[in-house]
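# Fold and contact review
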Amino acid sequence: MTRPVTSDTIVATDAPPIPAARSWAARYDGSAGPPIDLTQAVPGYPPHPRLLERLAAAAATREAAGYGAILGDAALREALASDIGSAYGAEIGADSIAITAGCNLAFAMTMATIAAPGEAVLLPAPWYFNHRMALTMHGVEAVPLPCRAEDGFVPDPDRAAALLRPGIRAIVLVSPNNPTGAIYPPETIARFAALARARGLWLVVDETYRDFLPGAAPPHALFADPAWGEHLVHLYSFSKAYCVPGHRVGAVAAGAGFMGEFAKAVDTLQICAPRHAQAALTWAIGALKPWRDDNRAIMAGRAEAFRTALSATPAWRIDALGGYFAYLRLPERAPDGVAMAERLAAEQGLLVLPGPFFGPGQERYLRLAFANADEAAIAAVPERLAAAER
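These remarks concern the structure in this document. Just so it is clear, the model here is predicted, and its values are computed rather than measured.

## Some remarks on the overall build of the protein chain
Tallying secondary structure elements over the protein chain gives 14 helices and 13 strands in all. Projecting the C-alpha coordinates of the protein chain onto the three principal axes gives extents of approximately 60 × 60 × 50 Å. The burial tally for the protein chain puts 55% of its 390 residues in the buried class. Pairs at least 24 apart in sequence give 74% of the contacts found in the protein chain among residues at least 6 apart. When the accessible surface of the protein chain is summed, it comes to about 16,100 Å², and 55% of that surface belongs to carbon and sulfur atoms. Distance between charge centres in the protein chain, computed from 33 positive and 38 negative side chains, equals 2 Å.

Structure (structure tokens):
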């Protein structure tokens, strides 16, 4: 009997990392205290109760049970365009917005629109593993742009320019970054935009965590360019800002030429984003702005609590921190990232992701998603790290 085979690109795609890391914790006996799960970027507080009410009410409507517009319901597109315009100090039209079933799918559909199998995309490394997985699945090469600890894991436009070659269709940036938490300066983002324009490439900027940036200044000025839509694709997620990752709502902002082609991918892969969530989030964008600001302060407090807690274990060095994440360098005497992450989970009940899950050259790192832990849990982290060293 001849057995059927699966796609070569699927076989080449990495397995989902978070379940693999959590499987190590099955051996934990509880001796160090309750498990602390810092593997996934999940908001560590619940959605606003009025948003939950709106989600429930919208889900019970006949309208939510039907198909919606391919690029998203008009009211949410208008509300998000206004919110982006306010955040970036620029005028954005609703026709520049598409609503997607989560930001992961937004990225995957964007890559399908930009690059064909056999082509390539420049991806800063360490990278978000789902970005690499989406590219591999589509048969697109992820060309690593190494980001160095001594630069705060901020990518270098000059280094990127030296790596560009025929077949590369886009440059991807993620700020605040996943996995490192690094926040890219506006001038760095501007230089990448100039490089993309000069080389005829798309610049894809994933700003899933932009609601947790410190201060009120715009993260960049790209939307101020009247021709921004000719080269920029902006990705956004509602999951973190509104604590609704299970409802799967993300967004893309891009120009008319891109949107015309992007609609083909959207209609093929999702048809439309969840209708009830779109209705509830249309209300939430304006109504919950003060709540979002308060949550930004909560996350800033957790980041500071993490920095303070780790100061008690100088052998463990924070090489980058921001948004939802800390990127932690292993002590010299510790094993590599995978072995240490397994030890922490199995012996200390501390679940983290090892650096090698995020690309080449990351063997001496762990990623800790501190956002989903309260300050009491964060305070317990140094003792468990120190115990795993012994």
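## Topic: the sheet that holds strand β9 (residues 317–322)
Here we have four strands laid out as an open sheet, ordered β9-β10-β13-β12, and antiparallel in their pairing. This sheet does not close on itself; its edge strands, each paired only once, are β9 and β12 (353–354). Relative to strand β13 (residues 365–369), strand β10 (residues 325–329) runs antiparallel, the two being bridged by five bridges. By the bridge assignment, Ala326 is partnered in β13 with Leu368. Its contacts with the sheet place helix α12 (residues 289–310) against β9, β10 and β13, and it is angled at close to 175 degrees to β9.

## Structural notes on the layout of surface pockets
Empty space within the largest pocket amounts to approximately 400 Å³. Asn104, Tyr128, Asn130, Tyr209 and Lys240 are, among the 21 residues lining the largest pocket, the residues nearest its centre. Looking at the lining of the largest pocket, the elements that each hand over two or more residues are α5 (103–114), α6 (129–137) and α9 (239–242). Of all the elements, α6 adds the most residues to the lining of the largest pocket, at three residues. Across the lining of the largest pocket, the residue classes tally to nine nonpolar, eight polar and four charged. What lines the second largest pocket is a set of 16 residues, and nearest its centre among them are Ala87, Arg210, Ala216, Lys289 and Arg296. If you list the elements that add at least two residues to the lining of the second largest pocket, you get α4 (74–88) and α12. Across the lining of the second largest pocket, the residue classes tally to seven nonpolar, two polar and seven charged.

## Some details on empty space enclosed by the protein
Under the counting rule described, the total for this entry stands at one cavity of 30 Å³ or more. In this model, the largest cavity occupies a volume close to 40 Å³. In this structure, the largest cavity is lined by Leu123, Pro124, Pro126, Trp127, Tyr128, His131, Val174, Asn177 and Asn178. Of the residues that constitute the lining of the largest cavity, the class distribution is six nonpolar, three polar and no charged.

## A short note on the sheet that holds strand β4 (residues 141–146)
Strand order in this open sheet of seven strands is β2-β8-β7-β6-β5-β3-β4, and the pairing throughout is mixed. Edge strands, defined here as strands with exactly one partner in the open sheet, are β2 (97–100) and β4. Ignoring which end each strand starts from, the neighbouring axes of this sheet average 25 degrees apart. Examined bridge by bridge, strand β3 (residues 120–125) and β4 share six bridges and lie parallel to one another.

Quick notes on the rules
Residues numbered from 1 in each chain as written. Predicted model: local features only at pLDDT ≥ 70, side-chain atom pairs only at ≥ 80, totals over all residues. Heavy atoms only, no water. Helix = DSSP H or I, 4+ residues; strand = E, 2+ residues; numbered from the N terminus. Buried < 20%, exposed > 50% of the residue type's maximum accessible area, 1.4 Å probe, protein only. Contact = heavy atoms within 4.5 Å. Areas by Shrake-Rupley, 256 points an atom, 1.4 Å probe, with all protein chains shown as cover. Lys, Arg positive; Asp, Glu negative; His and termini not counted. Charge placed at Lys NZ, Arg CZ, Asp CG, Glu CD. Pairing = 2+ DSSP bridges. Axes fitted to C-alpha atoms, helices over the stretch in contact; angles between N-to-C directions. 1 Å grid on protein atoms, 1.4 Å probe; cavity = no way out; pocket = protein on both sides within 12 Å on 5 of 7 lines; lining within 4 Å. Points joined across faces, edges and corners; volume = space filled by probe spheres on them. Nonpolar A, V, L, I, M, F, W, Y, C, P; charged D, E, K, R; others polar.

Purely geometric stuff here, so don't read any function into it on its own.
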